[in-house]
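The primary structure of each chain is shown beneath.
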Amino acid sequence: MRLLIAHATVVVSGTKIAAEIGTSRSEVWRLVQQLRDLGVDIAGHPSTGYSLKSMPDLLLPDMLVPQLHGTIFGKHIHHHYKIGSTNTVAMDAAIAGAPEGSVFIAEQQTAGRGRGANQWHSARSTGIYCSVLLRPALPPSDVLVLTLATGLAVHSAIQEIDSRVVPDLKWPNDVLIGGKKVCGILTEMNAEITRVRYVVVGIGINVNQSKFPAELQTLATSLRLATGTEWSRVELCTALLKSLDREYRRLLESPDAATSILRRFQERSSSAHGRQVEVEENGIEGVTEGLDARGFLQVRTAQGVRTVLSGTVRLK
Ligand code: BTN
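Presented here is a report on the structure given in the accompanying data block. (Residues numbered from 1 in each chain as written. Predicted model: local features only at pLDDT ≥ 70, side-chain atom pairs only at ≥ 80, totals over all residues. Heavy atoms only, no water.)

## Let's talk about helix α3 (residues 25-37)
So the rule is basically this: Secondary structure elements follow DSSP: runs of H or I of four or more residues count as helices, runs of E of two or more count as strands, with numbering from the N terminus. How far a helix is expected to stretch is found by multiplying one less than its residue total by 1.5 Å. Categorising residues by exposure relies on relative accessible area from a 1.4 Å probe, with only protein chains included: less than 20% of the type maximum marks a residue as buried, more than 50% marks it as exposed, and the intermediate range marks it as partly exposed. To obtain the arc, one takes the directions from the helix axis to the C-beta atoms.
The terminal C-alpha atoms of α3 lie 18 Å apart, and with 13 residues this matches the ideal 18 Å at 1.5 Å per residue to within 8%. Among the residues of α3, Val28, Val32 and Leu35 are the ones counted as buried. Viewed along the axis of α3, the buried residues span an arc of 60°, placing them on a single side of the element. Among the exposed residues of α3, those oriented more than 90 degrees off its buried face are Ser26 and Asp37.

Set out below in structure tokens:
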């Protein structure tokens, strides 16, 4: 891919590609077929050479890195065409000592994980499946605010690209459009009682899906379905990582950042106040009354105000 992008307007011979990447021409042909299967528009054949017909919307480090200079995410981007789960890869890399700001991206996940026992539908090159590794000097109790900040980062990235789209945040980690889920966030961490060792924030955004499996059709939407146009995943992913970088730095550096995150989250969430909800795992039922100072959802029930510490909030 790197070679074809570097020679985007010309035909590059199979022999040259083979020599540059140290393989045979028949292997080059096989790789080209693989890229075509991924939707990359490549013209030509072994006897003449190959050329890119259009710039592919693949989330390759070469496409992202130049736009991420000065952020913590610009140095260690790992791209996979097909992987089980980017969160699992990121957690494994964290144990092995990968640095803060490492990013793990996949074109396709075969075992994408959602919260609880849920799976995350991760069809090839249609969504963004991205996990970032952070090593914040924060107590574990502050990680909830970090994940709320990630929702805000997704919200701003979408609006930066198309300000007509108004996403709606649902506590703790969903982004909805028209009541359907367009993004889910799975935060996992390894911590001591007072100190986080590392956090992996996994973000799944439905970008260019034109349809979903039957069981998801009433629950999920994509940016393409919501707007009627195809989105650049490269542009959105760059905007997301830049926005997340801003939120994260502010959270570490500014004493007011957590308060600002909680305020902005509630402003961008139609269900944080005054919505009848039921929490699936613990049966709390009532009307939402905003977030407390640590970011937990408050719900007024028949027995008084209850604090939701975890669980899936169902809007009624
Ligand atoms: C949810 O809403 O249940 C959370 C979904 C999180 C999905 C993302 S996709 C990238 C990362 N890798 C995973 O396996 N899951 C997260």
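Text resumes after the structure shown.
## Side note on the sheet that holds strand β14 (residues 313-315)
Pairing between sheet strands relies on hydrogen bonds along the backbone, with the strands arranged either parallel or antiparallel. Filter applied, for reference: Only when DSSP finds a minimum of two bridges between them are two strands counted as paired. Every axis corresponds to a line fitted to the C-alpha atoms, with the helix fit spanning only the stretch in contact, and the corresponding angles, defined between N-to-C directions, vary from 0 to 180 degrees.
One open sheet holds the five strands; their spatial order is β13-β12-β11-β10-β14, and the pairing between them is antiparallel. On the outer flanks of this sheet lie β13 (304-308) and β14, each paired with one strand and no other. If you compare each strand with its neighbour and ignore which way they point, the axes differ by 45° on average. Relative to β13, strand β12 (residues 297-301) runs antiparallel, the two being bridged by five bridges. Its bridge partner being in β13, leucine 297 is matched across the sheet by valine 308.

## Re the environment of histidine 7
As a reminder, the rule being used: Contacts: residue pairs with any heavy atoms within 4.5 Å of one another.
Residue placement: histidine 7 occurs in the loop between α1 (2-6) and α2 (14-21). For histidine 7, a relative accessible area of 26% gives the class partly exposed. The sequence separation of histidine 7 and serine 51 amounts to 44 residues, and the corresponding C-alpha distance is 7.7 Å. Once residues lying within four places of it in the same chain are set aside, the contact partners of histidine 7 are Val12 and Lys16.

## Points about the site of the ligand
Here is the rule we go by: When we say a residue is near a molecule or strand, we mean one of its heavy atoms is within 4 Å of it. Each polar contact in these results corresponds to two N or O atoms within 3.5 Å; when the atoms are within protein, one needs to be able to donate a hydrogen and the other to accept it, and residues that are neighboring in sequence are counted only if both atoms are side-chain atoms. Note that accessible areas follow from Shrake-Rupley with a 1.4 Å probe, and for residues the cover is restricted to the protein chains shown. In this count, Pro and Cys sit with the nonpolar residues alongside Ala, Val, Leu, Ile, Met, Phe, Trp and Tyr, while Asp, Glu, Lys and Arg are called charged and the others, Gly among them, polar.
Taken together, 20 residues form the shell around the ligand, and within it Ser85, Gln109, Arg113, Arg115 and Lys181 come nearest. Threonine 86 places a side-chain nitrogen or oxygen 3.0 Å from a nitrogen atom of the ligand. In the environment of the ligand, an oxygen atom lies 2.6 Å from a nitrogen or oxygen atom belonging to the side chain of lysine 181. Surface burial for the ligand is 98%, taken as the share of its 410 Å² of free accessible area covered by protein chains. Looking at the shell around the ligand, the elements with two or more residues in it are α5 (86-95), β5 (127-134), β8 (180-191) and β9 (196-206). Here the residues of the shell around the ligand sort into six nonpolar, ten polar and four charged.

## Quick look at the nonpolar core
If you look at soluble globular proteins, the nonpolar side chains tend to sit buried side by side. What counts is decided by this rule: By convention a nonpolar core is built from buried Ala, Val, Leu, Ile, Met, Phe, Trp, Tyr and Cys residues, the set being connected through side-chain atoms within 4.5 Å.
Among the nonpolar cores identified, the biggest contains 79 residues, and Val132, Val154, Trp171, Ile203, Ile205, Leu223 and Leu236 are the most heavily contacted of them. The biggest single contributor to this core is helix α6 (residues 143-161), with eleven residues. Among residues more than four places away in sequence, those in contact with leucine 223 are Ile158, Ile177, Val182, Ile205, Asn206, Val207, Gly228, Thr229, Trp231 and Leu236.

## Focus on the packing of α2 against α3
Any two packed helices are characterised by how steeply their axes cross, that is the angle between the axes, and by the distance between the axes. As a reminder of what qualifies: Our angle categories are set so that under 35 degrees counts as roughly parallel, over 145 as roughly antiparallel, 65 to 115 as roughly perpendicular, and the remainder as oblique.
It is at 8 Å that the axes of α2 and α3 come closest, and there the two elements cross at 95°. As far as their axial angle goes, α3 and α2 are roughly perpendicular. Along the contact surface, α2 presents Gly14, Thr15, Ile17, Ala18 and Ile21, while α3 presents Arg25, Val28 and Leu31. When its residues are assigned to classes, the contact of α2 with α3 shows five nonpolar, two polar and one charged.

## Brief notes about the state of the cysteines
Quick reminder of the rule: Counting rule for disulfides: a pair of cysteine sulfur atoms within 2.5 Å.
Summed over the entire model, instances satisfying the criterion amount to zero disulfides. Distance from the sulfur of cysteine 237, which forms no disulfide, to the nearest cysteine sulfur (cysteine 130) is 4.9 Å. Judged by its relative accessible area of 0%, cysteine 237 falls in the buried class.

## Thoughts on the pattern of salt bridges
Applied cut-off: Note on definitions: salt bridges are taken to be side-chain nitrogens of Lys or Arg within 4 Å of carboxyl oxygens of Asp or Glu.
For the structure shown, the criterion picks out 25 salt bridges. Residues aspartate 174 and lysine 181 are paired through a salt bridge, measuring 3.0 Å at the closest nitrogen-oxygen approach. Accessibility expressed as a relative area gives 5% for aspartate 174, which makes it buried. A salt bridge links aspartate 245 to arginine 249, with the nearest nitrogen and oxygen atoms 3.0 Å apart. Taken together, the residues aspartate 245 and arginine 249, both in helix α8 (residues 233-253) and four residues apart, mark about one turn of the helix. Three or more residues are tied together by salt bridges with common partners; here these are Glu278, Glu280, Glu285, Arg314 and Lys316.

## Remarks on the side chain of serine 131
With respect to the helices, strands and loops of the structure, serine 131 is situated in strand β5. Classification of serine 131 as buried rests on a relative accessible area of 0%. Separated by 2.6 Å, the side chains of serine 131 and asparagine 87 make a polar contact.

In short, geometric facts, not functional conclusions.
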